[in-house]
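# Structural characterization, general
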Amino acid sequence: MTFEFTATVLGSPRIGPKRELKKAVESYWAGKIDAAALESVAETLRRENLKALVAAGLDSVPVGTFSYYDHVLDTAVLLGSLPERVQHIADEKDRYFAAARGNDTIAPLEMTKWFDTNYHYLVPEISSTTTFSLHPQKLLDELKEARALGIPARPVVLGPVTFLLLSKSIDDARLLDRLEDILPLYADLLKQLADAGAEWIQIDEPALVADRTSDEIDSAKRTYDYLSALETRPAILLASYFGDLGGALPVLASTGIEGLSIDLTAPGTVEQVAAVPSLATKRIVAGIVDGRNVWRTDLDRSLATLASLLGSVGSLAVSSSCSLLHVPYTLDGEDGIADPLRSWLAFGSEKVAEITVLARALRYGTDAVDSELSAARAASATRRADPRLHDASIRARLDAGLSVDRSSAEERRRSQTLGLPPLPTTTIGSYPQTTRIRVARAALRNGEIDEAEYLRRMKAEITEVVALQENIGLDVLVHGEPERNDMVQYFAEQLNGFAATTNGWVQSYGSRCVRPPILFGDVSRTGAMTVDWITFAQSLTDKPVKGMLTGPVTILAWSFVRDDQPLSESADQVALAIRDETVDLQAAGVRIVQVDEPALRELLPLRAKDKEHYLRWSVRAFKLATSGVADSTQIHTHLCYSEFGEVIDAIVALDADVTSIEAARSHMEVLDDLNRVGFDLGVGPGVYDIHSPRVPGVDEIAESLRAALKAVPAERLWVNPDCGLKTRGAAEVEASLRNLVEAARSLRE
């Protein structure tokens, strides 16, 4: 008999509330600590997290969600499917990190976005000859660790269908055909977990909330018919999130699994559950608390939703809609966020508290949680009445109908007299954030230096970066962005309608963490945000210096956004502020303005029926932001780390004069997509991967450029890395860029 549980989450953050894991992993990479010290930090974080979740009132706690880098990479390790090029590395951790980030001689796995979130996962490489084998020790050890602490532990693994659908075939093999090879490994894993005392296992299948063919859904049914028929196994909780299961729901409900986790924050899911009679025998884990955004849950409405399900399901537990990996740890310590805004928010620990409140209300009635319900109602009332949520002057400007079109690309080309050579070289924007920069920022924050001294130090950094670029021989320069803490947070801190956190860190990939700002009200610009920095950099050189801005879609994608109005309305408001900045940059004499949209693909809805609407408003927002300048001002944009095929028409529709785009890890594949749709503007496919510490050689970069020249004529081809250089070391950046410039020169000749 499996234990009954009432309150849980689908996963937890792993970086540590003060980014302890990030710091430990980076120290391990730098050789400052050994594997034992790294493992000690990880064990402490896991134990403290497990105990905190139980203390908060959860009676089923996920284990196995901890990762040193990425949970999809962990699944590749579990199934023995790391790429052959790392197999010779004897040390287990070094082999793991080589697959994740490469080294001097090994290219890493490709990296792309985890569904429509800002988390990045590593893409497993599988061929028709890949030999799978089970390596379950990590999960077994974490289960043993939790049980020793008395934790009601529920092991979590990525499901076989999602693992194969998210992988990359390196020889055009049909990956779902490999199900027959890995299902016995999952069967073995389930037996070992049952023998180790696991009563439930959570198997994550988020890929099933996207549009799936009947063959793919049949593969899911075959998988769970097989696993549920095993003689020795834990009870199976199949977890879905980021959307509704649609036609997959009744199919999965027809299998012998004991439970389904349903994302109730997705429209229509309640009706779908009620329409499937076979769910009357299942435990439904109701994902009613939003695990992706930071707004306080409407407890009254959530209780009504949960109550409506009671007659349709076998039993009900309350949960987050997805892993809490996507939100900060806690509001504790966020003293810079004042009421009433603070009262509207719920970070990770607050969401866990909401889950337990809802579970108690279901079990004991609303009188048991009356004070919590009253507090939630009061917060909701102050939010609805706050005047910052509706600025009539902003909405009037948008209602007036600003132009979103520029002259034709050919007319613009004739006006843009920049005097650049063929294959012009540039970088994406940021340069390494040195220790000097971080020390100066901390000193300003702590009151140890004044604003004037901070400005002096940042200008010294810009002077150094401009001189370096001129010495290297780059054609179009950047100011290096030393004054920017983050490409979204920097702008959000200067825009009305946004709030910043002090310690609201979330994991983006590996050890890379970001602090997404909170968009809570109508957006407007208080004044020029970048003009002084760019004009200072331009005063140091005769070469063009790009103005560097973040686009409206990316600002939204990398923020916690309003849930009280359509995202398209927020996008237009942000676009209007960016438009004002582009006009000011042009007036200051800046001839190239780059408006980055790396998140364009990231926000693409998972269902085809929703994609056209999203692409229409996202393209419009970019064009609203960039169409206020004259033809003589060259507009650049940058996109990275996504599968671009589905948005290739939108990339064309952006109508940027030059588009730089990630292409290094995907071996220039995106250029074929661009050619297929007749793209005829400037393009800078990234010729080396900046997310790896290795320095590419001249010949390697030249080979990438030759591949690019087969798809793009020289007069339209730009030469650049595939992303910003903020996270790299100064020495490797200089060496890589010198090789980039030399490779471009060799091809010009």
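Residues numbered from 1 in each chain as written. Predicted model: local features only at pLDDT ≥ 70, side-chain atom pairs only at ≥ 80, totals over all residues. Heavy atoms only, no water.

### Section: the pairing of strand 11 (residues 315-320)
Of all six residues making up strand 11, five are buried, and the element is well covered by its neighbours. As paired elements, strand 10 (residues 283-289) and strand 11 share six bridges and run parallel to each other. In the sheet register, Val-289 faces strand 11, and the bridge partner there is Ser-320. This β-α-β element, strand 10 to helix 11 (residues 299-309) to strand 11, shows right-handed connectivity. (Buried < 20%, exposed > 50% of the residue type's maximum accessible area, 1.4 Å probe, protein only. Helix = DSSP H or I, 4+ residues; strand = E, 2+ residues; numbered from the N terminus. Pairing = 2+ DSSP bridges. Right-handed = clockwise from strand over helix to strand, strands pointing away.)

### A look at the sheet that holds strand 7 (residues 200-204)
One open sheet accounts for seven strands, arranged 1-5-7-8-9-10-11; its pairing is parallel. The two strands at the open ends of the sheet, each matched to only one other strand, are strand 1 (61-63) and strand 11. On average, each strand axis in the sheet is inclined to that of its neighbour by 30°, with strand direction left out of account. The sheet contact formed by strand 5 (residues 153-158) and strand 7 spans three bridges and is parallel. (Axes fitted to C-alpha atoms, helices over the stretch in contact; angles between N-to-C directions.)

### Considering the UniProt feature "binding site: Zn(2+)" (unreviewed entry) in the chain
In the numbering adopted here, UniProt assigns the feature "binding site: Zn(2+)" (unreviewed entry) to His-638, Cys-640, Glu-662 and Cys-723. The largest pairwise C-alpha distance within this set of annotated residues, which runs over 86 residues, is 8.3 Å, so the set is compact in three dimensions. Following the sequence through the fold, Glu-662 ends up in the loop between strand 19 (658-661) and helix 24 (669-676). Judged by relative accessible area, Cys-723 falls into the buried class, the value being 14%. The residues contacting Cys-723, other than those within four sequence positions of it, are Ile-428, His-638, Cys-640, Ile-690 and His-691. (UniProt positions renumbered as here; feature names shortened; annotations may be inferred. Contact = heavy atoms within 4.5 Å.)

### Quick word on the domain arrangement of the chain
Domain annotation for the chain reports domain 1 (7-385) and domain 2 (423-487 + 528-748). On a C-alpha basis, the centroid separation for the pair domain 1 and domain 2 is 33 Å. Summing the contributions of domain 1 and of domain 2, the shared interface buries around 2,400 Å²; its carbon and sulfur component is 47%. Our count for the domain 1 to domain 2 interface comes out at five salt bridges. In this structure, Lys-113 and Glu-602 form a salt bridge, with 2.2 Å as the shortest nitrogen-oxygen distance. (Domains from an automatic or database assignment. Buried area = accessible area lost by both parts, 1.4 Å probe. Salt bridge = Lys/Arg side-chain N within 4 Å of Asp/Glu carboxyl O.)

### Section: the nonpolar core
Within the largest apolar cluster, 135 residues are counted, with the highest numbers of intra-cluster contacts made by Tyr-68, Leu-73, Trp-114, Leu-245, Leu-252, Leu-260 and Leu-345. Of the residues forming this core, the biggest block, eight residues, is contributed by helix 7 (residues 179-195). When sequence neighbours within four positions are dropped, the list of residues in contact with Leu-260 reads Leu-237, Leu-238, Leu-245, Leu-249, Leu-252, Ala-253, Leu-279, Arg-283, Ile-284 and Val-285. Listed in part, the 102 residues of the second largest apolar core include Val-595, Ile-701, Leu-717 and Val-733. (Core = buried A, V, L, I, M, F, W, Y, C linked by side-chain atoms within 4.5 Å.)

### Observations concerning the side chain of Thr-255
Its place among the elements puts Thr-255 in the loop between helix 9 (248-253) and strand 9 (259-263). Only 2.7 Å separates the side chain of Thr-255 from the backbone oxygen of Leu-252, close enough to count as a polar contact. For Thr-255, the contacting residues outside a window of four places in its chain are Lys-221, Tyr-224, Asp-225 and Lys-282. (Polar contact = N/O pair within 3.5 Å; in protein donor to acceptor, adjacent residues only side chain to side chain.)

### A few points about helix 1 (residues 20-29)
The α-helix advances 3.6 residues per turn, and as a result positions three or four apart in sequence lie on the same side. Of all the residues in helix 1, the buried ones are Leu-21, Lys-22, Ala-24, Val-25 and Tyr-28. Where the residues of helix 1 are buried, they touch helix 2 (35-55), helix 4 (92-101) and strand 14 (512-514). In the stretch just after helix 1, Gly-31 is the one whose phi turns positive, near 80°.

### Notes on the UniProt feature "binding site: L-homocysteine" (unreviewed entry) in the chain
The feature "binding site: L-homocysteine" (unreviewed entry), as annotated in UniProt, sits at Ile-428, Gly-429, Ser-430, Glu-481 and Asp-596 in this numbering. Look at the named residues: they lie 169 residues apart in sequence, but the longest C-alpha span between them is just 13.7 Å, so in the fold they bunch up. Looking at the secondary structure, you find Gly-429 in the loop between helix 15 (409-415) and helix 16 (435-445). With residues near it in sequence (within four places) discarded, Gly-429 still touches Val-478, Gly-480, Glu-481 and Met-548. Among the structural elements, Asp-596 can be located in strand 17 (residues 592-596).

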